[in-house]
Amino acid sequence: MMKSTMKVHFLILALAVTSGFCGQVIKSDKHLYKYRKWPDLRGQMVESAAAHIHSEHPEFSIKVRYSKNGINSEILPNNVFLYEDENGYVVNEPESVEEVPVEITIWPEVVGLEVEEAKDIILNEKPEAKVQTVLSANSKTDDLDVDRVKIFVDSHDLVVETPRSG
């Protein structure tokens, strides 16, 4: 399961790069990534380009690689690869993706599970949640509580609707 999730994340990141989502937020599963690109750094000395990126994003790891053509083959969250020529100039448009924290408010993956297993998953991802189990036939309420998560179950305690915050 972990490998397939990583493949999905890599595919979404690759699509973001090739589609030019500069500065935009890209959603993947339960992760958000903000794509960043620095086209104005191409042709600058590697040291000054690295200093510029570091001043904007001190949390990014900057890696310098030698390249004649400046093709970016690696994009990892919070990493920037600078490809330099033999004279120390940046030959690529440096780019990176930044993982953006996201609060999970919906759990479609628990539909069909037993209620206790669903509770464990929800509380693992949102420990402050006030989880309530509700028979599906009694699912209507008028009040709103952002910390509440209702788990709608059938008579066998199996989750039958997607739990949501609210």
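Every value quoted in this text rests on a predicted model; they were computed, and no experiment measured them. (Residues numbered from 1 in each chain as written. Predicted model: local features only at pLDDT ≥ 70, side-chain atom pairs only at ≥ 80, totals over all residues. Heavy atoms only, no water.)

Draft legend 1. Summary view of the side chain of His 57. As for its placement among the helices and strands, His 57 is situated in the loop between helix H2 (46-56) and strand E3 (61-66). Not counting residues up to four positions away in its chain, the partners in contact with His 57 are Arg 36, Trp 38 and Glu 98. (Helix = DSSP H or I, 4+ residues; strand = E, 2+ residues; numbered from the N terminus. Contact = heavy atoms within 4.5 Å.)

Draft legend 2. Representation of the packing of aromatic side chains within the structure. One pass over the full model with this rule turns up one aromatic pair. Arranged with centres 6.3 Å apart and planes meeting at 85°, the rings of Trp 38 and Phe 60 form a pair that is edge-to-face. With Trp 38 in the loop between strand E2 (31-37) and H2 and Phe 60 in the loop between H2 and E3, the pair connects residues that are 22 residues apart, well separated along the chain. Among the residues examined, Phe 60 registers a relative accessible area of 4% and is labelled buried. (Phe/Tyr/Trp six-rings, centres within 6.5 Å; stacked < 30°, edge-to-face > 60°. Buried < 20%, exposed > 50% of the residue type's maximum accessible area, 1.4 Å probe, protein only.)

Draft legend 3. Highlighting the sheet that holds strand E8 (residues 164-165). Reading across the sheet, the three strands line up as E6-E7-E8 and stay open at both edges, with mixed pairing between neighbours. The open sheet terminates on both sides in strands that have one partner only, identified here as strand E6 (130-135) and E8. For strand E7 (residues 148-153) and E8, the ladder comprises two bridges, and the chain directions are antiparallel. Bridging across to E8, Val 149 finds its partner in Ser 165. Seen against the sheet, helix H3 (residues 115-125) touches E6 and E7 and runs at an angle of roughly 155° to E7. (Pairing = 2+ DSSP bridges. Axes fitted to C-alpha atoms, helices over the stretch in contact; angles between N-to-C directions.)

Draft legend 4. Expanded view of H3. Every buried residue of H3 is listed here: Val 115, Ala 118 and Ile 122. With its buried residues spanning 60° around the axis, H3 presents them on a single face. Facing away from the buried side of H3, by more than 90 degrees, are the exposed residues Asp 120 and Asn 124. The secondary structure elements touched by the buried residues of H3 are E6 and E7. (Arc of directions from axis to C-beta.)

Draft legend 5. Examining the pattern of salt bridges more closely. One pass over the full model with this rule turns up two salt bridges. Among the salt bridges present, the one from Lys 37 reaches Glu 93, with a minimum N-O distance of 3.1 Å. Here Lys 37 is found in strand E2, whereas its partner Glu 93 is found in the loop between strand E4 (79-84) and strand E5 (95-100), with 56 residues between them in sequence. Two residues, Glu 116 and Lys 119, come together in a salt bridge whose shortest N-O distance is 3.6 Å. On the criterion of helical spacing, the pair formed by Glu 116 and Lys 119 is a turn pair, its members being three residues apart in helix H3. (Salt bridge = Lys/Arg side-chain N within 4 Å of Asp/Glu carboxyl O.)

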